[in-house]
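Coordinate inspection notes
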Amino acid sequence: MREQAEYLKSHDRKEHHLFDSEYRFMKLVWEHEPVRSMELARMCLEELGWKKSTCFTVLKKLAERGFVKNEQAVVTAQIKEDEVQRQESKAVVDKSFSGSLPAFVTAFLSERKLTREEAEEIREMIEKAVER
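Quick look at the structure, then. Counting restarts for each chain: residues are numbered from 1 in the order of the written sequence. Local features in this predicted model are restricted to residues whose pLDDT is 70 or higher, and side-chain atom pairs enter the listing and the counts only when it is 80 or higher, whereas totals over whole chains, interfaces and linings include all residues. Excluding hydrogens and water, the side-chain figures rest on all heavy atoms present in the structure.

Moving on, we get to the overall build of the protein chain. Here a strand is any run of E in DSSP of at least two residues, a helix any run of H or I of at least four, and the numbering for each starts at the N terminus. Counting its secondary structure elements, the protein chain contains seven helices and three strands. Along the protein chain, helices (α) and strands (β) appear in the sequence α-α-β-α-α-β-β-α-α-α when read from the amino end. A separation threshold of at least 6 residues defines the contact pool for the protein chain, and within that pool the share at least 24 residues apart is 55%. All accessibility values rest on the Shrake-Rupley procedure with a 1.4 Å probe; residue burial counts only the protein chains present in the view. Accessible surface, the protein chain as shown: approximately 10100 Å² in total, 53% of it carbon and sulfur. When checking whether two residues touch, look at their non-hydrogen atoms; a contact exists if any pair is within 4.5 Å.

All right, on to helix H2 (residues 20-32) then. A helix is expected to span 1.5 Å for every residue after the first. The end-to-end C-alpha separation of H2 is 19 Å, in line with the 18 Å expected for 13 residues at 1.5 Å each. Residue exposure (1.4 Å probe, protein chains only): buried if accessible area is under 20% of the type maximum, exposed if over 50%, otherwise partly exposed. If you check which residues of H2 are buried, you get Glu22, Phe25, Met26, Leu28, Val29 and Trp30. Residues of H2 that are buried make contact with helix H3 (37-48), helix H4 (52-64), strand S2 (68-71), strand S3 (74-77) and helix H5 (81-97).

So, on to the pairing of S2. By this definition, two strands are paired if DSSP reports at least two bridges between them. Across four bridges, the pairing between S2 and S3 is antiparallel. Pairing of Val68 across the sheet is with Ala77, part of S3. Hairpin connection, S2 to S3: the antiparallel pair is bridged by two residues, and Gln72 has positive phi, about 50 degrees.

Below, the discussion takes up the nonpolar core. When a protein is soluble and globular, its nonpolar side chains tend to lie buried together. In this structure, Phe25, Met26, Leu40, Cys44, Leu62, Phe67 and Val68 are the most contacted members of the largest nonpolar core, which totals 23 residues. Among the elements of the structure, H2, H3, H4 and S3 are those that each provide at least two residues to this core. Joining through side-chain atoms within 4.5 Å is the link that ties buried Ala, Val, Leu, Ile, Met, Phe, Trp, Tyr and Cys residues into a set, and such a set is a nonpolar core.

The next point concerns the pairing of S3. On S3, burial follows the alternation: Val75 and Ala77 on one face are buried, whereas Val74 and Thr76 on the facing-out side are not. In this structure, strand S1 (residues 35-36) lies alongside S3, joined through two bridges in antiparallel fashion. Following the sheet pairing, Val35 is matched in S3 by Val75.

Turning our attention to the sheet that holds S2. Pairing within the open sheet is antiparallel, and its three strands lie in the order S1-S3-S2. Of all strands in the sheet, those with a lone pairing partner are S1 and S2, marking the two edges. Packing of H2 onto the sheet brings it into contact with S1, S2 and S3, and relative to S3 it is tilted by some 100 degrees. Between the N-to-C directions of two axes lies an angle of 0 to 180 degrees, each axis being a line fitted to C-alpha atoms and, for a helix, fitted only over the stretch in contact.

Any two rings among Phe, Tyr and Trp, with Trp reduced to its six-membered ring, count as a pair given centres within 6.5 Å; such a pair is stacked if its planes are under 30 degrees apart, edge-to-face if over 60, and tilted if neither. Applying the stated criterion across every chain, the model contains four aromatic pairs. A ring pair is formed by Phe97 and Phe104, whose centres lie 5.6 Å apart and whose planes are at 80 degrees; its orientation type is edge-to-face. For Phe97, a relative accessible area of 21% translates into the label partly exposed. You can call Phe104 partly exposed: its relative accessible area is 27%. Pairing Phe104 with Phe108 gives two aromatic rings, centres 6.0 Å apart and planes at 25 degrees, and the pair type is stacked. Taken together, the residues Phe104 and Phe108, both in helix H6 (residues 101-109) and four residues apart, mark about one turn of the helix.

Right under this line is the structure:
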C-alpha cells in the first residue's frame, strides 16, 4: 500500500515536470495568457529564438500532457506556475537532499548571504509553516 502511494506521488510529479525549454515556454504563457497561438509563436521567436514549427510542436506536447489548452487558436495554462514551482522544488529536495529541507537550506545558503528583509520574510514563512 505504501509503495503504491509512493509510486502515485512520483508518477504525479513526473506528470507535472517541465524541461527547461518547456518551462521558458510556459513562462510566456503564464505571463500573457490568454494569448493567441500566432502571437505566442512570435514571442517564442523573439524571446526564445524558436521557429514557428518548434513553438507549435512544444505547444502540442504540453497540451497533450495537460499543461495548456489551445482552443480556437487561444492558448491558456491549465496548471498554475506556483504549482509547477512547488512540485519542482519538492523534487529537488527529495532527490538531492533525501527530503531534508534543512540540508537544502544549508546548501543554498553556503555561498549566499541574505538581506535583512529576506531573512525576516523567511522567518515569517517558517512561523506560519511550523506544525502546532
